Each structure stands twice: as C-alpha cells, then as structure tokens.
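# Commentary on secondary and tertiary structure
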Amino acid sequence: MGKSDDTEKKKKIKDVEISVPVVYGNAAFWLGKKASEYQSHKWTVYVRGATNEDLSVVVKRVVFQLHSSFNNPTRVVESAPFELSESGWGEFEIAITLFFHNDVCEKPLNLYHHLKLYPEDESGPMSTKKPVVVESYDEVVFTEPSESFLARVQNHPAVTFPRLPAGFTLPPPAPVEDENKRKRGDTKDHPLNQWFLNFSEADELLQLAAARQQVQAHIAKLRRQICLTDGQNQQFKPI
Amino acid sequence: MDAKDILGLPKTPLPIAQEKKSRPHKDSQRKPDGISREVYALTGGVAPLMPSIDVSQLKRRPPSDEKITWQWLPFTSSARKDNLQLYHWVRVVNGVPPTGDYSFAKYNKSVDVIRYTDEEYAKYLTDPKWTKEETDQLFDLCERFDLRFIIIADRFPTPRTVEELKDRYYSASRAILVARAPSPGEVAGHPLVKEPYNVTHEIERKRALSMVLSQTKHQERKDAEVLAEAKRIAESRMAARAAEEPDLPVPSDIGPESAERAVGPGDTISPSNVQVHAAAAAPSTSVIADNSSTLASLRMLKVYLRTYALEQMVQAASSSAGLRTIKRVEQTLQDLGINLKPKVPTKAVCAEHLELRKEILTLLNLQKQLQYKEAEGSSFRDGSYGDMPGTAKRSQRAVDQDRTFVPDTISFGVIPGDRGVKREQKRKGPGRASETPSSPAGAHKRPRKMKASDL
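Residues numbered from 1 in each chain as written. Chains lettered and ligands numbered in written order. Predicted model: local features only at pLDDT ≥ 70, side-chain atom pairs only at ≥ 80, totals over all residues. Heavy atoms only, no water.

As recorded by an unreviewed UniProt entry, chain B carries the name Myb-like domain-containing protein and is attributed to Hibiscus sabdariffa. If you open the UniProt record of chain B and go to Subcellular location (unreviewed entry), you find "Nucleus". (UniProt positions renumbered as here; feature names shortened; annotations may be inferred.)

As named in an unreviewed UniProt entry, chain A is YEATS domain-containing protein, taken from Hibiscus sabdariffa. UniProt annotates chain A under Subcellular location (unreviewed entry) with the comment "Nucleus".

In structure tokens form, the structure reads like this:
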C-alpha cells in the first residue's frame with residue numbers, strides 16, 4: 001500500500017452522511033426452579049443491526065461495562081454477534097462502547113442501556129420460557145465518511161447509504177470475504193431472534209404527520225381569531 | 001483517657017481552660033505603652049512586622065568628641081533674587097558653621113517658558129484670535145505661575161477658557177521652537193513638537209469626563225445594562241458568523257427553516273439561506289445561530305447518535321423558551337399521543353418530530369398572543385380608561401384571567417380529525433369571550449345593557 005493509496009482512502013467527502021441503524025438492549029430469562037439468591041436470571045445484552053444484518057462491517061469490537069460486582073466487569077467482544085451473556089439478580093446501567101474500524105471512525109461511541117430483568121407488570125407470573133426484552137432503536141451517524149469506507153459498504157444491507165453528490169463515483173468495493181464467515185455475524189438466525197422487537201418508522205411517521213396536521217390547523221384557526229380580535233379592538237381603542 | 005496517656009497527648013480539658021484564661025490576660029497586656037489603644041488599633045491591632053524605628057538608634061548615644069553648639073545665624077538662599085537676609089538656627093560643629101547654599105534652594109524649580117522677540121512674533125505667531133498684547137500677557141502669567149493654567153485663566157484680563165489659553169501657549173511655543181531649531185530633526189524629539197496640544201479633543205474629553213462624573217446611580221445602571229446587551233448581541237453575531245464559515249453539510253431536512261428540500265450539492269443553497277436569515281433582526285439571528293451552531297458542533301463530532309442529535313436540535317429550537325413553555329410543549333405532545341422521544345428515530349422521523357415541536361411552540365405563542373389581545377379588548381370594551389375605582393379592579397381581573405387561564409382548553413382527541421373544541425375542566429378562568437355563552441365572571445359585573453352573550 002503506497003502512500004498515495006493511503007491518502008486516497010482517507011479522502012473524506014463533505015455534505016454526505018452515512019448512518020447505521022442499530023438496536024441494543026437485553027433479553028432476560030427467569031431461571032425458575034434453578035434460580036438462586038444471587039443468580040435468579042440469565043440475561044444477554046447485545047447490539048444488533050436493526051434489520052438483523054451483520055454489524056461487523058462497521059463495528060470492530062464492542063465493550064460492555066458491567067456493574068463492579070461482576071468479575072472482570074469490562075467485557076470485550078471482538079466479533080459479531082456483539083453480545084454478552086451473564087447471570088445475576090440485579091438491574092443496573094450497562095455502558096456499551098462501540099469501536100469502529102479504522103477507515104470508519106477513530107472515535108468510539110457510547111450507548112447506555114438499563115438492564116431489565118423483571119417484567120413491568122409485577123403482579124404477573126414470571127415465566128422461564130418468555131424472556132423480558134427491552135430494546136432501543138438508534139442510528140449511528142458518521143459525518144465525514146472516507147471514500148474507502150463508502151466504497152467498502154456500498155451495497156451492504158446493514159448500512160443506510162446516502163445519495164452521493166452528482167457525478168460522484170466510487171471505486172468498486174473490495175472483493176467480499178468468505179460468504180459463510182460473513183453470514184455468521186448477522187442475527188437473522190439468532191436464538192433470541194423470535195423475541196426481537198420490530199421497529200417500523202412508518203407507524204411513527206404516520207403518527208407525526210397526523211399530529212402536525214392537527215397543530216397546523218389549530219395554528220391557522222388561532223391566526224384567524226387574532227386577526228378578528230385585532231379588528232374588534234381597533235373599534236374600541238381609546239383615542 | 002488512658003489511651004491519651006499512652007499516646008502522650010495532653011489531657012485536653014485543662015489546657016484549654018488555661019489557654020482561655022491566659023489569652024484575655026495577654027490581650028489587655030498587649031496594648032503597647034506609648035500610644036493609645038485606639039491608635040494602636042488603626043494598625044490592625046497588631047504590632048508592625050518591621051519596626052519602623054530602629055530601636056538600636058533610640059538609645060542615648062554617648063556624646064561624640066565633637067563640640068556641638070547651636071547658633072542663630074543669618075543665611076542667604078540662591079533661590080531668592082532679592083538678597084533678603086534671614087536668620088535661622090544652625091548646628092555648629094567645633095566652632096565651624098556649615099557652608100553651602102541654603103539646603104532647600106535646590107527645590108526651587110521653575111518652568112522654561114519660551115520668550116519670543118517681537119520680530120519672531122511678527123513672523124510666526126500672528127493669529128486672528130489673539131492680539132500681541134494678550135499673548136504677551138499670557139506668556140507673562142505662564143512664567144509667573146509656572147503653567148498653572150487654572151490660575152492663569154483666573155488672572156487673565158480678558159475672559160478666555162483654559163483650553164484656549166493652553167492652545168495659544170502650546171502652539172506658540174511650538175512654533176517658536178520649530179522656527180529657532182537649526183533643523184527640524186533636532187527638535188523632533190521635544191515633547192512640545194512630538195505631541196501637540198489638540199484643543200477640540202481636550203474640550204471633548206473634559207465634557208465627557210464631567211458627564212460621567214455627574215451621572216446618577218440610575219444612569220450608571222442603565223449604561224451597564226446596555227453595554228451588557230450590546231456585548232451579548234456582538235457575541236451571538238460572532239457565533240453566527242463563525243458557524244456560517246464552515247460548509248454546512250447536513251442535508252436541508254434537518255437544516256434551518258429553508259424551504260429547499262434538495263439533497264446533495266444543492267446544499268450550497270442552504271448556507272446562503274442561513275446567511276440571509278442571519279442578516280435579519282437580532283432575535284432571529286440568535287435562533288438561527290443556535291441552529292447552525294448546533295449543526296456545526298454535530299458535524300465536528302465525526303460520529304454521533306441520531307437521538308443525541310435530535311436532543312441538541314430540540315434544545316436549540318427551544319432555547320428562547322422558558323421552562324414552563326417547554327413543559328407545555330411536552331404536555332401537548334403527550335396529548336397528541338406522540339412520544340417525547342421517538343421510538344424509531346430515523347432521519348425522517350427525527351426531522352418530523354423537530355418540526356412538530358417547533359409548530360407546537362408557534363401554537364403556544366399564538367395562544368398567548370390571542371389571550372393578551374382579548375384581555376386588551378375586554379378592558380377597552382368596558383371603557384376602563386381611567387377614573388372609576390371599579391374599573392381598576394376590572395382590568396386587574398382581566399389580567400388575573402390571563403394568568404389563571406390554562407391554555408390547554410383545546411383538547412386533542414387521540415382520534416385524528418376530532419379537532420376538540422371541547423372545553424376541558426382543566427381551565428380555571430372562563431373561556432374566550434367570543435366562544436363562551438356565559439359572560440366571563442367579573443369582567444362584566446357592571447350592569448350593562450348588552451352582554452357578551454347577547455352578541
């Protein structure tokens with residue numbers, strides 16, 4: 001790799017942002033009969049692609065920082081699927097740090113997730129079959145993606161690719177690695193897959209659009225009323 | 001106690017009591033003899049760190065081998081020009097009186113006032129505003145009074161201001177200096193030549209000083225406020241300019257209120273839009289500055305979470321709103337069935353959410369506006385401009401109505417399309433005059449022929 005190659009790869013493109021939708025959270029199973037005082041639940045905290053695609057195209061490794069009462073509370077996960085399983089009894093905040101590949105971003109990004117073991121409905125029976133699942137959706141936005149990054153993830157399903165400036169062409173992507181190797185990183189066949197939540201932006205967009213309509217109509221009405229009142233006041237204004 | 005014994009610590013109760021007893025005793029003892037207590041207190045009640053008087057010198061010295069007498073002798077001073085004979089006590093050592101000039105003669109300094117000849121006057125110093133006689137008098141007085149212009153102005157025969165006198169003196173002296181100098185370079189260093197007297201500047205300066213001196217406290221406070229305000233505006237303008245400088249790469253749907261929805265290279269339009277906005281009045285400048293500085297700071301981040309970006313944008317948009325307003329926005333969102341933080345924060349969703357919040361802010365502002373106008377209106381309608389005691393109460397009540405009027409009178413049905421002109425029981429004050437069938441309590445208590453309900 002010659003020097004000119006490096007600078008080529010590092011070339012950043014302005015006015016373009018690339019985003020990766022992720023979902024992070026936990027699934028916790030009550031251990032039922034096997035539960036002890038200090039190990040009442042078995043839980044897994046994870047970060048996955050929002051559509052269950054493999055995040056390792058972007059993420060190099062993930063560090064989960066657990067409660068200090070755990071042995072080695074700093075857990076590093078070097079490959080997808082980025083998850084960590086443990087057993088315990090307590091709920092606490094887990095700091096999840098995402099480290100990206102060098103051509104993606106040098107700075108890590110922090111997410112915070114509150115581990116949930118007990119169901120919302122406290123009165124309901126706890127089941128060993130159905131886990132308590134709490135997930136959050138978010139999007140990781142990269143502001144000045146390098147050309148090499150863009151080239152590499154061109155057609156990858158985990159990434160929301162931006163519309164490039166007109167006339168802009170990317171070099172063809174590097175040859176894709178072993179398909180099998182790649183496949184394993186995604187969570188489509190993950191054992192917890194059936195419990196994963198669905199995040200549909202369509203519903204939310206609809207809600208927001210409806211709300212905006214209401215507000216806009218109300219605004220128009222108020223404007224009319226203000227005009228009217230102004231007119232009325234004009235008549236009675238003291239000289 | 002035993003432990004303290006072992007450690008060797010003093011048994012505390014007794015020593016403390018002893019200390020206490022000894023200290024007041026010491027305090028009164030500390031007052032030094034020789035000066036009164038009050039005077040001693042002036043120095044801070046503590047002895048000076050360094051003795052001002054060298055104690056060793058205070059001792060009586062044994063008489064030296066010289067014979068000292070004191071004699072009443074005449075003396076002259078070189079400072080005097082009139083040969084006046086004066087007498088004073090002189091310390092004579094071994095019969096030899098001291099020699100030399102009067103010891104204070106060296107302090108007799110005077111100013112070197114340049115005197116011009118008549119020819120020089122005719123050549124360089126003629127001035128329409130000054131006669132030769134006046135100028136001569138001026139120079140005489142300057143010499144006599146060592147350039148004390150206040151006194152000179154006082155003594156001057158014709159009425160002249162201090163600045164005029166100064167101006168004439170300095171410009172005349174300067175002209176003579178320059179004229180007499182063999183070459184301009186030699187005189188260039190002379191203070192009179194280097195820094196000429198500037199009459200207009202001086203007059204202005206003194207006027208300004210006297211204005212500042214005569215300012216009342218009230219005036220001072222107002223000035224300070226205005227300066228602080230100006231500083232704030234200048235700073236926000238700087239921020240706006242700094243934020244506009246870098247290219248704004250964010251596609252316009254999260255951008256400031258630009259109508260353009262083009263993505264990509266069309267973003268050259270949005271910076272110019274921002275600039276146009278920034279050219280507008282200061283309040284909108286600050287809002288746009290907030291927006292564009294938020295965008296700039298997000299861009300600096302290289303990587304960030306969409307939810308974080310939304311938070312920042314929301315904060316920027318509500319920066320001008322108080323806490324109560326923000327709570328009302330959130331209440332309205334809840335009434336509309338919208339999550340305060342979107343469940344699926346994609347780019348589009350975040351943009352819509354932000355726009356919705358801004359629209360709600362507008363809505364609340366309009367509601368408030370309408371309230372004020374209606375309050376105005378009802379006070380006008382009652383003819384309350386002035387003299388009746390009852391009127392004061394009424395307009396007061398109208399104002400009270402404003403305050404207790406909880407603006408969530410319009411409920412948002414979760415079912416879209418239900419534009420809720422329902423009157424919720426939340427409000428404490430009566431509803432709007434135009435819509436309520438019953439007249440607002442109190443405002444129309446006075447018997448009137450026409451009631452609002454009759455309209």
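Further notes follow.
### Section: the packing of helix 8 (residues 162-180) of chain B against helix 11 (residues 199-213) of chain B
Residue and element names in this part refer to chain B. At a minimum axis separation of 10 Å, helix 8 and helix 11 run at an interaxial angle of 150°. Regarding the angle of helix 8 to helix 11, the classification is roughly antiparallel. The interaxial crossing formed by helix 8 with helix 11 has right-handed handedness. Taken together, the residues of helix 11 that come into contact with helix 8 (itself represented by V162, E163, K166 and D167) are V199, E202, I203 and K206. Its residues assigned to classes, the contact of helix 8 with helix 11 comprises three nonpolar, no polar and five charged. (Axes fitted to C-alpha atoms, helices over the stretch in contact; angles between N-to-C directions. Helix = DSSP H or I, 4+ residues; strand = E, 2+ residues; numbered from the N terminus. Parallel < 35°, antiparallel > 145°, perpendicular 65-115°, else oblique. Left-handed = near helix turned anticlockwise from the far one by under 90°. Contact = heavy atoms within 4.5 Å. Nonpolar A, V, L, I, M, F, W, Y, C, P; charged D, E, K, R; others polar.)

### Section: the environment of D15(A)
Residue and element names in this part refer to chain A. Considering the arrangement of structural elements, one finds D15 in the loop between helix 1 (3-10) and strand 1 (18-30). Judged by relative accessible area, which is 22%, D15 ranks as partly exposed. Taking the C-alpha atoms as reference, D15 lies 7.6 Å from E144; in sequence the two are 129 residues apart. (Buried < 20%, exposed > 50% of the residue type's maximum accessible area, 1.4 Å probe, protein only.)

### Here we look at the interface of chain B and chain A
The interface is formed by 54 residues belonging to chain B together with 49 residues belonging to chain A. Summed over both partners, the interface of chain B with chain A comes to about 5,000 Å²; 62% of that surface belongs to carbon and sulfur atoms. By the criterion of area lost to chain A, the three top residues of chain B are K302(B), V303(B) and L305(B), representing 13% of everything that side buries. Between chain B and chain A we count eight salt bridges in total. As a salt-bridge pair, E144(A) and R299(B) come within 3.0 Å of each other at their nearest N and O atoms. Linking chain B with chain A are 19 residue pairs in polar contact (both at pLDDT 80 or more), by the criterion used here. Secondary-structure elements contributing two or more residues to the side of chain B that touches chain A are helix 14 (282-300), strand 3 (303-305), helix 15 (306-317) and helix 17 (347-381) of chain B. No other element matches the 21 residues that helix 17 of chain B contributes to the side of chain B that touches chain A. Its residues assigned to classes, the side of chain B that touches chain A comprises 28 nonpolar, ten polar and 16 charged. (Buried area = accessible area lost by both parts, 1.4 Å probe. Salt bridge = Lys/Arg side-chain N within 4 Å of Asp/Glu carboxyl O. Polar contact = N/O pair within 3.5 Å; in protein donor to acceptor, adjacent residues only side chain to side chain.)

### Some details on the sheet that holds strand 8 (residues 132-142) of chain A
As summarised here, the arrangement of the five strands in space is 5(A)-2(A)-1(A)-8(A)-3(B), forming an open sheet in which the pairing is antiparallel. Single-partner strands in this sheet number two, and they are strand 5 (82-88) of chain A together with strand 3 of chain B. Sheet twist, expressed as the mean angle between neighbouring strand axes with direction ignored, is 20°. The pairing of strand 8 of chain A with strand 3 of chain B spans three bridges and is antiparallel. Of the residues in strand 3 of chain B, the one forming a bridge with F142(A) is V303(B). Sitting on the sheet, helix 15 of chain B touches strand 1 and strand 8 of chain A together with strand 3 of chain B, and the angle it makes with strand 3 of chain B is about 80°. (Pairing = 2+ DSSP bridges.)

### A short note on the pattern of salt bridges
Pairing between side chains becomes possible if they bear opposite charge and their charged atoms approach one another. Tallied over the entire structure, the rule returns 29 salt bridges over all chains. Here R306(B) ties to E17(A) by a salt bridge, and the two come within 3.1 Å at their closest N and O atoms. Here the residue R306(B) occupies a position in helix 15, and E17(A) occupies one in the loop between helix 1 and strand 1, the pair thus bridging two chains. Taking the shortest distance from any N to any O, the salt bridge between K188(A) and E53(A) comes out at 2.5 Å. Remark: E53(A) occurs in the loop between strand 2 (41-49) and strand 3 (59-65) and K188(A) occurs in the loop between helix 3 (179-185) and helix 4 (201-236); sequence separation between them is 135 residues.

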